[in-house]
Amino acid sequence: MLRLLRERASRESLEIDTRVMDGHALAFDDDSFDAAGSQFGVMLFPDMPRSIREMTRVVKPGGRVLVIAYGDPHQIDFLAFLVGAVQSVRPGFNGPPMDPPPLPF
């Protein structure tokens, strides 16, 4: 995903920096950004509140945090389809942790 993002940004003459890191412990200083967002990522984290706190920590006072998430993963048909697709190439993949179940949004 990050490679595709870099390629698209390059085509559109945008300068971006991509990094892989633990969403529960972002490698950024407090108050580093004007905004932070997660599109369907936070809902798959074992500790959603912790990851949202991390996003909030790195956003400047008055900044914005955007989270796009489905509700209970047990009730998302698409998620079951996605896990099944991944398991077809990675049989040991069990999907997001469900015990304890994620908090509702």
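Residues numbered from 1 in each chain as written. Predicted model: local features only at pLDDT ≥ 70, side-chain atom pairs only at ≥ 80, totals over all residues. Heavy atoms only, no water.

A. Structural context of helix α2 (residues 48-58). Looking only at α2, the buried set comprises Met48, Ser51, Glu54, Met55 and Val58. Seen end-on, α2 carries its buried residues on one side only, within an arc spanning 120°. Buried residues belonging to α2 abut β1 (33-39) and β2 (59-68). Among the residues of α2, the N-terminal cap falls to Asp47, whose side-chain oxygen and the backbone nitrogen of Arg50 are separated by 3.1 Å. (Buried < 20%, exposed > 50% of the residue type's maximum accessible area, 1.4 Å probe, protein only. Helix = DSSP H or I, 4+ residues; strand = E, 2+ residues; numbered from the N terminus. Arc of directions from axis to C-beta. Contact = heavy atoms within 4.5 Å. Polar contact = N/O pair within 3.5 Å; in protein donor to acceptor, adjacent residues only side chain to side chain.)

B. Structural view of the pattern of salt bridges. Tallying each qualifying case throughout the model produces six salt bridges. As a salt-bridge pair, Asp17 and Arg19 come within 2.8 Å of each other at their nearest N and O atoms. Ionic pairing is found between Arg57 and Glu54, a salt bridge with its closest N-O pair at 2.9 Å. Placement of the pair is Arg57 and Glu54 together in helix α2, with a separation of three residues, close to one helical turn. Judged by its relative accessible area of 23%, Arg57 is partly exposed. Taking relative accessible area as the criterion, Glu54 reaches 13% and is therefore assigned buried. (Salt bridge = Lys/Arg side-chain N within 4 Å of Asp/Glu carboxyl O.)

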